[in-house]
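# Fold and geometry: a report
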Amino acid sequence: MLGAPGTLGAQAPIVPQAERLAEDLFVLRIPNEANVVAQTSSAGVLLVDGGSAQSVGALTGILSRLPGGGEVHTLFNTHWHPEQVGSNELVGKAGKPIIAQENTRLWLTTDVTWPWNGRRFTRLPKVAQPNRTFYTTATLESGVKYGYIPDAAHTDGDMYVLFPQQNVLVVGDVLSGQGWPVVDWPTGGWIGGIVGALQRLQTLANEETRIVPGRGRVLRLADLKAQTEMYGTIYDRLTQLMNRGRGPTEAVEARPTKEFDEQMGNGDEFVRRAFESLWAYLSPDA
Ligand SMILES: [Zn+2]
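Residues numbered from 1 in each chain as written. Predicted model: local features only at pLDDT ≥ 70, side-chain atom pairs only at ≥ 80, totals over all residues. Heavy atoms only, no water.

### Concerning helix H6 (residues 221–243)
- With 23 residues, H6 extends 33 Å between its outermost C-alpha atoms, agreeing within 8% with the 33 Å of an ideal straight helix rising 1.5 Å per residue.
- Turning to H6, its buried residues are Leu 221, Leu 224, Gln 227, Thr 228, Met 230, Tyr 231, Gly 232, Ile 234, Leu 238, Thr 239, Leu 241 and Met 242.
- At its buried positions, H6 is contacted by helix H5 (191–202), strand S14 (210–213), helix H7 (248–253), helix H8 (261–264) and helix H9 (268–282).
- Looking at the residues trailing H6, positive phi occurs at Gly 245, about 85°. (Helix = DSSP H or I, 4+ residues; strand = E, 2+ residues; numbered from the N terminus. Expected span 1.5 Å × (residues − 1). Buried < 20%, exposed > 50% of the residue type's maximum accessible area, 1.4 Å probe, protein only. Contact = heavy atoms within 4.5 Å.)

Written out as structure tokens, the structure reads:
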């Protein structure tokens, strides 16, 4: 950093990248953030997830520079996490629809704390909460389809958005193109739900479908199938450990992700959360 006085310690500018999937459809990547999908039209921009609150400025900037870009007319929240709902306040104040599964809205009306690290998430102001919720499936006038992923993979409010004309399926953090996912069991996610959700998503895709996960690169049906099998294997191993009376630390020590870690990264944190999610899901008083 020598030769750049004045920038030391300053926050680096956020530089988003756009990957074009179709004439009117883009994946926007803001460093260290979740993927954002933008569809442009004469009516403005449809967004699937809106980045975190701190990246709203960068996101608005890139939207205005997209070919055919403009103001957001519709925003989807694939689930309640802060990396998805940062644009909600802006869109809500503009009086535009924020679409989410009803459970996602409910989580955004309450404070949530993750027990493993004490991270606390504060409820959103009313204007930023999803203002158009659904329970199962629906279709926009433009033909864009969306639906609930009821398996509780990542949270209990997960949803997909399908662009049939472009053959693009956006699935949020139910699927990851980069590293192990968070298993957010305090808001309903669990390892068995990941397996069920990935099986379900296969029925919405074909060989040509581009599948946009919450993080990382755009995936294909073959990736989805491989990940379904991987999580199925891990689920079986964790269930066996639990049935033998083992706990989360012993589960980590058993290294149930060992042959996948080279591709996915160190699995310890994931294994601990996934094991805890079994307890949370299967204990009768949860
Ligand atoms: Zn998430």
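### What to know about the coordination of the zinc ion
- At 2.1 to 2.2 Å from the zinc ion lie its protein donor atoms, namely His 79 (NE2), His 81 (ND1), His 154 (NE2) and Asp 173 (OD).
- Each donor residue of the zinc ion lies on the same chain, and together they follow the pattern H-x1-H-x72-H-x18-D. In this pair, His 79 sits in the loop between strand S5 (72–76) and helix H2 (82–85) while Asp 173 sits in the loop between strand S13 (168–172) and H5, placing the two residues 94 residues apart along the sequence. Asp 173 shares its class with His 79; the two are buried. (Donors = N, O, S within 2.8 Å, 3.2 Å for Na, K, Ca; no water.)

### Re the pattern of salt bridges
- Enumeration according to the criterion identifies eleven salt bridges in this entry.
- With a shortest N-O distance of 2.7 Å, Asp 151 and Arg 200 are connected by a salt bridge. Taken together, the positions of Asp 151 in the loop between strand S11 (145–148) and strand S12 (159–163) and Arg 200 in helix H5 put the pair 49 residues apart, joining distant regions of the chain.
- Its relative accessible area of 16% is what places Asp 151 among the buried residues. (Salt bridge = Lys/Arg side-chain N within 4 Å of Asp/Glu carboxyl O.)

### A closer look at the packing of H6 against H9
- Direction vectors running N to C along H6 and H9 enclose 65°, while the axes themselves pass 10 Å from each other. Remark: the crossing between H6 and H9 carries right-handed chirality. In contact with Tyr 231, Ile 234, Tyr 235, Leu 238, Thr 239, Leu 241 and Met 242 of H6, H9 contributes Phe 270, Val 271, Ala 274, Phe 275, Leu 278, Trp 279 and Leu 282.
- For the contact of H6 with H9, the per-class residue count stands at 13 nonpolar, one polar and no charged. (Axes fitted to C-alpha atoms, helices over the stretch in contact; angles between N-to-C directions. Left-handed = near helix turned anticlockwise from the far one by under 90°. Nonpolar A, V, L, I, M, F, W, Y, C, P; charged D, E, K, R; others polar.)

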